[in-house]
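# An overview of the molecular structure
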Amino acid sequence: MKKKILVTGGTGYIGSHTVVELQNAGYEVVIIDNLSNSNIEVLDGIEKISGIRPVFAQLDLNDKEGVRNVLKENPGIKGIIHFAASKAVGESVHKPLLYYRNNLVTLVNLLDLMPEFHIDGIVFSSSCTVYGQPDILPVTEDAPIKPALSPYGNTKQINEEIIRDCIHADLPFKSIILRYFNPIGAHPSAEIGELPNGVPQNLVPFVTQTAMGIRKELSVFGDDYDTPDGSCIRDYINVVDLAKAHVIAIDRMLENKSDEKLEIFNLGTGRGVSVLELIHAFEKGTGVKVPYKIVDRREGDIEKVWANPVHANTVLGWTAKETVEDTLVTAWNWQLKLRERGIQ
Ligand code: UD1
């Protein structure tokens, strides 16, 4: 019997895909999510794919007493995967305190409760945003952390520092910090994916909505960058590949496969793809046109960043497998499913 894991933000985009992979691997899952950026039907999708409906508590992690009660009602949780966070960069600029409360206080609450409930380890969702514009590409885990460009980015840096300080203080738990590059796509079953929430800020949901005709055209933010075609470059990683890395990380931590109390891994493909290349890969994979126009650069955008994933490849034994083109087809199939369900 595999161990019991608390997944915060388990009905969210990356969280839901990870719950599926955990259950497929035999773990028992308890989700805490306040449904601020997801909905309860995600549990149906998870159940359809994995055959198991995870335990679910609708709760805000700022409610420490509430979390304590969930941990009491579900004894024997051994590890936490902490996804729950606010993640809209633009919103964070206007509502910094909301981001500091939602992304910092919540982590402090969880870390505070871990010793009380003998929870041995926490996997934390960080981001390549901590590197800013790296001086050397592909970027490795020991690249310098650059000043954050938004309160959201700052919360990820501070979260990492909070965890580092706890490990330094020898608190009785371990941690693995995972720095995601750009997660895209959906489960191949199209039962779960990224739920729309207003006008998408991220590239791929905007691409699929434009291809569907929900948006008139896609704005490509700048074609005068120092890149081969002038548009920005990112490392787009398939969300199921990403989810699988969490199962390996939790197993490594809880089965004591490493002596380190804190480890950090980049999760990316190692391949840089420009905005224009991504649009063309989508059109090639799906046969659907995406009308677009070039507009001014977006403030705060990084010119180019992609991962050196060798540390994760060798130490975790994990590699991103799916191609961008195939992954974009899963994003399209999910968009078609949303239309079927009448969701825009
Ligand atoms: C952004 C955040 C990052 C966060 C991540 C969460 C910034 C600077 N970074 O990453 O901190 O972790 O979201 O998912 O905001 N693009 C267009 N047109 C669009 C949308 C995007 O051309 O309508 C371009 C962007 O300029 C960028 C690329 O597509 O070059 C990817 O953008 P996006 O999906 O927003 O991700 P990031 O900016 O990399």
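Please read all numbers here as calculations on a predicted model, not as lab measurements. (Residues numbered from 1 in each chain as written. Predicted model: local features only at pLDDT ≥ 70, side-chain atom pairs only at ≥ 80, totals over all residues. Heavy atoms only, no water.)

### A few points about the overall build of the chain
For the chain, the count of helices and strands is 11 helices and 13 strands. Here the C-alpha atoms of the chain give a radius of gyration of 19 Å, agreeing with the 20 Å that 2.2 N^0.38 yields for 344 residues. In terms of overall dimensions, the chain has a C-alpha envelope of 55 × 45 × 40 Å along the principal axes. The buried share among the 344 residues of the chain stands at 55%. Taken as a whole, the chain presents about 15000 Å² of accessible surface, with 51% of it coming from carbon and sulfur. Looking at charge distribution, the chain has the averaged site of its 35 positive side-chain charges lying 3 Å from that of its 45 negative ones. (Helix = DSSP H or I, 4+ residues; strand = E, 2+ residues; numbered from the N terminus. Rg over C-alpha atoms; globule rule 2.2 N^0.38 Å. Buried < 20%, exposed > 50% of the residue type's maximum accessible area, 1.4 Å probe, protein only. Areas by Shrake-Rupley, 256 points an atom, 1.4 Å probe, with all protein chains shown as cover. Lys, Arg positive; Asp, Glu negative; His and termini not counted. Charge placed at Lys NZ, Arg CZ, Asp CG, Glu CD.)

### A short note on the domain arrangement of the chain
Domain parsing of the chain yields domain 1 (4-184 + 237-267) and domain 2 (203-234 + 270-340). Of note, the centres of domain 1 and domain 2, computed from C-alpha atoms alone, are 24 Å apart. Counting residues at the interface gives 24 residues for domain 1, matched by 21 residues for domain 2. Across the interface of domain 1 and domain 2, roughly 2100 Å² is buried in total on both sides, 71% from carbon and sulfur atoms. Where domain 1 touches domain 2, the interface holds zero salt bridges. If you look at where domain 1 meets domain 2, you find nine residue pairs in polar contact (both at pLDDT 80 or more). Contributing elements (two or more residues each) for the side of domain 1 that touches domain 2: strand 7 (182-184), strand 10 (236-238), helix 8 (239-254) and strand 11 (262-267). Taken together, the residues that form the side of domain 1 that touches domain 2 break down as 13 nonpolar, six polar and five charged. (Domains from an automatic or database assignment. Contact = heavy atoms within 4.5 Å. Buried area = accessible area lost by both parts, 1.4 Å probe. Salt bridge = Lys/Arg side-chain N within 4 Å of Asp/Glu carboxyl O. Polar contact = N/O pair within 3.5 Å; in protein donor to acceptor, adjacent residues only side chain to side chain. Nonpolar A, V, L, I, M, F, W, Y, C, P; charged D, E, K, R; others polar.)

### Remarks on empty space enclosed by the protein
For the coordinates displayed, the defined rule picks out three cavities of 30 Å³ or more. When its volume is computed, the largest cavity comes out at roughly 60 Å³. Grouping the constituent residues of the lining of the largest cavity by class yields five nonpolar, one polar and three charged. (1 Å grid on protein atoms, 1.4 Å probe; cavity = no way out; pocket = protein on both sides within 12 Å on 5 of 7 lines; lining within 4 Å. Points joined across faces, edges and corners; volume = space filled by probe spheres on them.)

### Brief notes about the packing of aromatic side chains
Applying the stated criterion across every chain, the model contains two aromatic pairs. Positioned over the ring face of F206 is R215, at 5.9 Å from the centre of the ring. (Phe/Tyr/Trp six-rings, centres within 6.5 Å; stacked < 30°, edge-to-face > 60°. Lys NZ or Arg CZ within 6 Å of the ring centre and 35° of its normal.)

### Things to note about helix 9 (residues 275-286)
Between its first and last C-alpha, helix 9 extends 17 Å over 12 residues, near the 16 Å set by a 1.5 Å rise per residue. Of the surrounding secondary structure, the elements contacted by the buried residues of helix 9 are helix 7 (203-212), strand 8 (218-221), strand 10, strand 12 (273-274), strand 13 (292-295) and helix 11 (324-340). Positive backbone phi, approximately 75 degrees, marks G287, located one or two places after helix 9. (Expected span 1.5 Å × (residues − 1).)

### Section: the nonpolar core
I5, L22, I46, L178, I250, L267 and W318 are the most contacted members of the largest nonpolar core, which has 36 residues in total. Those elements that provide at least two residues to this core are strand 1 (4-8), helix 1 (13-24), strand 2 (28-33), helix 2 (42-50), strand 6 (174-180), helix 8, strand 11 and helix 10 (310-316). In terms of residue count, the dominant contributor to this core is helix 8 (nine residues). For this core, the domains that each give at least three residues are domain 1 (4-184 + 237-267) and domain 2 (203-234 + 270-340). Beyond its immediate stretch of four places on either side in the chain, L22 contacts I5, V7, Y27, V29, I81, V247 and I250. If you look at the next biggest cluster of nonpolar residues, it comprises 29 residues, including L61, L110, F124 and I167. (Core = buried A, V, L, I, M, F, W, Y, C linked by side-chain atoms within 4.5 Å.)

### So, helix 2
All of the buried residues along helix 2 are V42, L43, G45, I46 and S50. One side of helix 2 carries all its buried residues, which in axial view fall inside an arc of 160 degrees. Elements that come into contact with the buried residues of helix 2 comprise helix 1, strand 2 and strand 3 (55-58). Once helix 2 ends, the next one or two residues include G51, with phi positive near 80 degrees. (Arc of directions from axis to C-beta.)

### With respect to the packing of helix 1 against helix 8
Packing of helix 1 against helix 8 brings their axes to within 8 Å, and their N-to-C directions diverge by 60 degrees. By the criterion of interaxial angle, the relationship of helix 1 to helix 8 is oblique. As for how helix 1 packs across helix 8, the hand of that crossing is right-handed. Residues Y13, I14, H17, T18, E21 and L22 of helix 1 touch helix 8, and the partners they reach there are V239, V240, L242, A243, K244, H246, V247 and I250. Per-class residue counts for the contact of helix 1 with helix 8 are nine nonpolar, three polar and two charged. (Axes fitted to C-alpha atoms, helices over the stretch in contact; angles between N-to-C directions. Parallel < 35°, antiparallel > 145°, perpendicular 65-115°, else oblique. Left-handed = near helix turned anticlockwise from the far one by under 90°.)

### Thoughts on the side chain of N238
Looking at the element boundaries, N238 is found in strand 10. Within the local environment of N238, its side chain forms a polar contact with the backbone nitrogen of D241, the two atoms lying 3.1 Å apart. With sequence-adjacent residues up to four places away left out, N238 is seen in contact with I184, E322 and T327.

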